[in-house]
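# Chains, contacts and geometry: an overview
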Amino acid sequence: MGSPVDARAENAWLRSYPFWDAYFAIVLIATIITIVVDGGAPVAVILLLLITVSYALWGRKAVRAPVAPTKEGWWHAAAMIVLFTAADLLAPQSAVALSALIPMAFMALRRARAVAVTVAMFTGPAVQLMAENGSHPLLIAVAIVLGLSASTLLGVFIDRLGRQNTERARLIAELDRTREELAEVSKEAGMLAERERLAGDIHDTLAQGFASIVMLLQAAEDGRDPYVRRAMETAKENLSETRALIAALAPPALEGASLEEALGRLAKGFELPVEVSVAGAADVPALVAETLVRAAQEGLANVRKHARARSVRLALEHVPGPAVRMSIADDGCGFGPSAGGDGYGLRAMRNRVTRLGGTVRITGSPGQGTTLAVELPCSG
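Residues numbered from 1 in each chain as written. Predicted model: local features only at pLDDT ≥ 70, side-chain atom pairs only at ≥ 80, totals over all residues. Heavy atoms only, no water.

## Observations concerning the packing of helix 4 (residues 71-90) against helix 5 (residues 98-108)
Between helix 4 and helix 5, the least distance of the axes is 10 Å, while the angle of their chain directions is 155 degrees. The angle between helix 4 and helix 5 places the two elements in the roughly antiparallel class. In this structure, the crossing between helix 4 and helix 5 has a hand that is left-handed. Of helix 5, the residues touching helix 4 (which contributes G73, H76, M80 and F84) are L98, L101, M104, A105 and A108. Considering only residue class, the contact of helix 4 with helix 5 consists of seven nonpolar, two polar and no charged. (Axes fitted to C-alpha atoms, helices over the stretch in contact; angles between N-to-C directions. Helix = DSSP H or I, 4+ residues; strand = E, 2+ residues; numbered from the N terminus. Parallel < 35°, antiparallel > 145°, perpendicular 65-115°, else oblique. Left-handed = near helix turned anticlockwise from the far one by under 90°. Contact = heavy atoms within 4.5 Å. Nonpolar A, V, L, I, M, F, W, Y, C, P; charged D, E, K, R; others polar.)

## Some points on unusual backbone geometry
Of note, R308 is a non-glycine position whose phi angle comes to about 50 degrees, a positive value. Within the secondary structure layout, R308 lies in the loop between helix 10 (286-307) and strand 2 (312-319).

## Concerning the pattern of salt bridges
If you walk through the whole model with that rule in mind, you get six salt bridges. Note that K61 and E72 form a salt bridge whose closest N and O atoms lie 3.4 Å from each other. With K61 in helix 3 (residues 42-64) and E72 in helix 4, this residue pair connects regions lying eleven residues apart in the sequence. Here R310 and D331 are joined by a salt bridge, their closest N and O atoms 3.9 Å apart. One end of the pair, R310, is in the loop between helix 10 and strand 2; the other, D331, is in the loop between strand 3 (323-330) and helix 11 (344-355), and 21 residues separate them in sequence. Among the residues examined, R310 registers a relative accessible area of 62% and is labelled exposed. Looking at D331, the relative accessible area reads 25%, which means it is partly exposed. (Salt bridge = Lys/Arg side-chain N within 4 Å of Asp/Glu carboxyl O. Buried < 20%, exposed > 50% of the residue type's maximum accessible area, 1.4 Å probe, protein only.)

## Let's talk about the pairing of strand 4 (residues 359-364)
On a regular strand, one side chain projects to one face of the sheet and the next to the other, so that they alternate. Examined bridge by bridge, strand 4 and strand 5 (residues 370-377) share six bridges and lie antiparallel to one another. Within strand 5, the position partnered with T363 by the bridge is T371. If you look at the hairpin formed by strand 4 and strand 5, you'll find five residues sitting between the two strands, and G367 has a positive phi there, around 75 degrees. (Pairing = 2+ DSSP bridges.)

## With respect to the environment of V303
Among the structural elements, V303 can be located in helix 10. In the structure, V303 is positioned 26 residues away from A329 in sequence and 8.9 Å away in space, judged by C-alpha atoms. Not counting chain neighbours up to four residues away, the residues in contact with V303 comprise F270, L272, R308, A309, V312, I328 and D330.

## Quick word on helix 3
The terminal C-alpha atoms of helix 3 lie 32 Å apart, and with 23 residues this matches the ideal 33 Å at 1.5 Å per residue to within 8%. At Y55, helix 3 shows its largest bend, some 55 degrees. (Expected span 1.5 Å × (residues − 1). Bend = angle between axes of the 7 residues up to and from the residue.)

## Description of the packing of helix 3 against helix 5
Two packed helices can be described by the angle between their axes and the distance between those axes. Contact geometry of helix 3 with helix 5 gives a least axis separation of 9 Å together with a crossing angle of 35 degrees. For the crossing formed where helix 3 meets helix 5, the hand is left-handed. Counting all contacts with helix 3, which are made through I51, Y55, A62 and V63, the residues of helix 5 involved are L101, M104, M107 and A108. Per-class residue counts for the contact of helix 3 with helix 5 are eight nonpolar, no polar and no charged.

## A look at the nonpolar core
Within the largest apolar cluster, 35 residues are counted, with the highest numbers of intra-cluster contacts made by F24, L48, I51, M80, F84, L101 and M121. Put simply, the parts of the chain that give this core at least two residues each are helix 2 (12-37), helix 3, helix 4, helix 5 and helix 6 (111-132). Other than its neighbours up to four places away in sequence, I51 contacts F24, H76, M80, L83, F84 and L101. (Core = buried A, V, L, I, M, F, W, Y, C linked by side-chain atoms within 4.5 Å.)

## Re the packing of aromatic side chains
A full pass over the atoms with the stated rule returns two aromatic pairs. Seen in terms of ring centroids, F24 and Y55 are 4.7 Å apart; in terms of plane orientation they differ by 40 degrees. Their pairing is tilted. Placement of the pair is F24 in helix 2 and Y55 in helix 3, with a sequence separation of 31 residues. The class for Y55 is buried, based on a relative accessible area of 8%. Ring centres of W58 and W75 lie 5.6 Å apart, and the angle between their planes is 65 degrees; this geometry places the pair in the edge-to-face category. Residue W58 is found in helix 3, and its partner W75 is found in helix 4; the two are separated by 17 residues along the sequence. Under the relative-accessibility criterion, W58 is labelled partly exposed at 28%. For W75, a relative accessible area of 42% puts it in the partly exposed group. (Phe/Tyr/Trp six-rings, centres within 6.5 Å; stacked < 30°, edge-to-face > 60°.)

This is the structure we're talking about:
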């Protein structure tokens, strides 16, 4: 069963197709009964049944095709013209079937071609009418013109209705896509607001508390008590961890700054020396820039926690595509084949980058440091 969004965006024609099938079947049966009751040629019945075979093979697919005409539409139109004309010449009662065949032509073909098919199918009844009523050519011409006009108007109405429903389905689908995008943006904004609130709370409680503990221990230290020194070292480490957590949770400092400037600020505030290099220049969308700054925050946090490095290199490169590539390389301990999988932070980074069509690659070896490489298209 389709989702509510699929049901809303569905072309109204799709729900009416079974009724068209039933209408075609009823008209065909009525035509055959008329031929049999009036004593028409049995061959005409066979020809009309062959139109049913053509409809089953090609017509249904052509009518349901999102774009007309299709090759099946042409085949079915040719079959209708040949088979109906022959049936009508054998049994004039076959003209009843036009009430189903003409709408089908407009559903399977474009308007101008459907009008041409309609004229072609009227040829048989016109010839038959002239043969039986040759003494009244004006009346015959008027009847033919009226029949063609009524059929064409019906076909144009069907064609216009189909176009309107197709456009309606397109607009509803576009509206649903826009609504999903807005919901995603709203969700992302809510998450960022919550992260900012959490960062503020941590700053006002844990960070301030650890800072106070460090100050008190520094005042109490007399240089002899190892427990006081150990408590002060532990408090300092936890204060550093808390500040790093606040930096990771806080929104990137991109307000009024370029991507390069924001990365420079991160590097300047890091406790290890960070060499920053920039190659090329290009406009980077705000969402891409924010994602790169987030990735840089996570990469530097991992260096501080795990790498035991002495220095870090942060490189930003604008490459053709256009795309932007950022790498963070350290000279730390690296990792071996037995290293565990990504932690929460790296998984979140991968998810953010992947949503924008980018890639994340982490390479390293024991004693050779680690490199985090992020590449994002600038069309994000």
